[in-house]
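Here is what each chain is made of, one letter per residue.
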Amino acid sequence: MSLVIETKDLWRVYRSKTGAEIPALRGVNLGVEAGTFVTLKGRSGSGKTTLLNCLAGLDKPTSGSATVLGHDMMQMSDAESTVWRREQVGLIFQSFGLLPTLSAYENIELLLRIKGDEYDARHKRALECLEMVGLSRWKDHRPYEMSGGQQQRVAVARALANDAKLILADEPTGELDSKTTRELLTFFRELVETHHITMLMVSHDPLVDPYVHQVLTLKDGVVV
Ligand code: ADP
Ligand code: MG
């Protein structure tokens with residue numbers, strides 16, 4: 001058993017404008033095993049996004065420990081975490097995060113260009129990833145020409161383009177109808193099992209339970 005994510009007594013305390021402390025995470029202990037599809041549930045305000053951001057290196061925990069893909073998130077600088085995310089982590093958000101003026105293909109290709117891949121390599125990889133999500137025929141379409149489910153698949157293809165071992169997703173089905181949600185969840189499950197990816201998905205959708213290996217619940221900043 002190897003853990004892709006491990007946190008011990010992880011705290012994230014925000015400070016309000018008036019100086020009051022807002023403890024969003026109050027000692028989170030978490031372990032996510034390699035190759036599993038795990039969902040993180042909890043009411044609005046329970047700290048889900050804060051936890052995901054801390055695991056992605058987008059936010060710094062206040063205290064405790066967090067190890068992600070063998071990296072100590074407490075020690076990582078902003079510059080290191082930017083490179084680390086680009087090379088090893090796929091991020092997916094509710095709002096898709098696609099650039100509206102670029103086609104599906106270009107949205108993926110751009111990420112690989114930023115990463116520094118050569119033209120031939122990134123062309124091949126972008127097409128491969130579109131194929132993986134079943135959108136080859138849509139490669140030249142822009143986000144507004146696609147359904148919400150298709151846009152989210154482009155976002156998934158982009159997350160896969162860098163061979164991410166870990167995908168962190170924050171309410172990726174939040175904008176989708178229930179039929180599209182089920183399709184995407186089926187696809188996520190297959191992805192995890194076929195490519196031995198680990199996926200932690202924040203959701204408060206009761207639909208997700210049968211699709212995941214494990215359900216974690218956050219309540220008032222702790223895993224219950
Ligand atoms: P969830 O994603 O489960 O809805 P969040 O992680 O977004 O919860 O928020 C957890 C708590 O932290 C909430 O009380 C929220 O108001 C607070 N919070 C989140 N981000 C900030 C911030 N940047 N500054 C101050 N408080 C914040
Ligand atoms: Mg949230």
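Structure: see above.
Residues numbered from 1 in each chain as written. Chains lettered and ligands numbered in written order. Predicted model: local features only at pLDDT ≥ 70, side-chain atom pairs only at ≥ 80, totals over all residues. Heavy atoms only, no water.

Participant: Talk me through the site of ligand 1; I want residue IDs and the actual numbers.
Facilitator: Close to ligand 1 lie Tyr-14, Ile-22, Ala-24, Arg-43, Ser-44, Gly-45, Ser-46, Gly-47, Lys-48, Thr-49 and Thr-50, which account for all nearby residues. In this structure, an oxygen atom belonging to ligand 1 sits 2.9 Å away from a side-chain N or O atom of Thr-49. Contacts to ligand 1 include Thr-50, whose side-chain N or O atom sits 2.5 Å from an oxygen atom. The fraction of the free accessible surface of ligand 1 (560 Å²) that becomes covered by protein chains is 60%. Sorting the residues of the shell around ligand 1 by element identifies strand 2 (21-33) and helix 1 (48-55) as the ones contributing at least two each. Here the shell around ligand 1 gets 3 residues from one element, more than from any other, and that element is helix 1. Partitioning the shell around ligand 1 into residue classes produces 3 nonpolar, 6 polar and 2 charged. (Near = heavy atom within 4 Å. Polar contact = N/O pair within 3.5 Å; in protein donor to acceptor, adjacent residues only side chain to side chain. Areas by Shrake-Rupley, 256 points an atom, 1.4 Å probe, with all protein chains shown as cover. Helix = DSSP H or I, 4+ residues; strand = E, 2+ residues; numbered from the N terminus. Nonpolar A, V, L, I, M, F, W, Y, C, P; charged D, E, K, R; others polar.)

Participant: Explain the sheet that holds strand 7 (residues 166-170) to me, and be specific about the residues and the numbers.
Facilitator: Reading across the sheet, the 6 strands line up as 6-7-8-3-9-10 and stay open at both edges, with mixed pairing between neighbours. Two strands lie at the open edges of the sheet, namely strand 6 (89-93) and strand 10 (222-223), each paired on one side alone. Bridge analysis of strand 7 against strand 8 (residues 198-202) gives 5 bridges, and the strand direction is parallel. Within strand 8, the position partnered with Ile-167 by the bridge is Met-199. Lying over the sheet, helix 5 (residues 148-161) contacts strand 6 and strand 7, oriented at roughly 165° with respect to strand 6. (Pairing = 2+ DSSP bridges. Contact = heavy atoms within 4.5 Å. Axes fitted to C-alpha atoms, helices over the stretch in contact; angles between N-to-C directions.)

Participant: So what's going on with the packing of aromatic side chains? Residues and values would help.
Facilitator: Summed over all chains, the structure comprises 2 aromatic pairs. Ring geometry for Phe-37 against Phe-188: centres 6.1 Å apart, planes inclined by 80°, an arrangement best described as edge-to-face. One end of the pair, Phe-37, is in strand 3 (residues 37-41); the other, Phe-188, is in helix 6 (residues 178-195), and 151 residues separate them in sequence. Ring geometry for Phe-187 and Phe-188: centres 6.4 Å apart, planes at 45°, overall tilted. As far as burial versus exposure is concerned, Phe-187 and Phe-188 are alike and both buried. (Phe/Tyr/Trp six-rings, centres within 6.5 Å; stacked < 30°, edge-to-face > 60°. Buried < 20%, exposed > 50% of the residue type's maximum accessible area, 1.4 Å probe, protein only.)

Participant: Provide a residue-level description of the sheet that holds strand 1 (residues 3-15), including the pertinent values.
Facilitator: Taken in spatial order, the 4 strands of this open sheet run 2-1-4-5, and their pairing is antiparallel. Sheet topology places strand 2 and strand 5 (71-72) at the edges, where each strand pairs with a single neighbour.

Participant: Outline the packing of helix 4 (residues 119-132) against helix 5, listing residues and values.
Facilitator: Here helix 4 crosses helix 5 at 130°, and the two axes come no closer than 9 Å. Classified by the angle between their axes, helix 4 and helix 5 sit oblique to one another. Both helix 4 and helix 5 take part in a crossing whose hand is right-handed. Of the residues in helix 5, those touching helix 4 at Arg-125, Cys-129, Leu-130 and Met-132 are Ala-157, Leu-160 and Ala-161. Here the contact of helix 4 with helix 5 is composed, by residue class, of 6 nonpolar, no polar and 1 charged. (Parallel < 35°, antiparallel > 145°, perpendicular 65-115°, else oblique. Left-handed = near helix turned anticlockwise from the far one by under 90°.)

Participant: Mind laying out the environment of Val-212, listing which residues take part and the relevant values?
Facilitator: If you trace the backbone, Val-212 turns up in the loop between strand 8 and strand 9 (214-219). Taking the relative accessible area as the measure of exposure, Val-212 reaches 10% and is therefore buried. Sequence separation between Val-212 and Phe-188 is 24 residues; the distance between their C-alpha atoms is 9.0 Å. Beyond its immediate stretch of four places on either side in the chain, Val-212 contacts Phe-37, Thr-39 and Arg-189.

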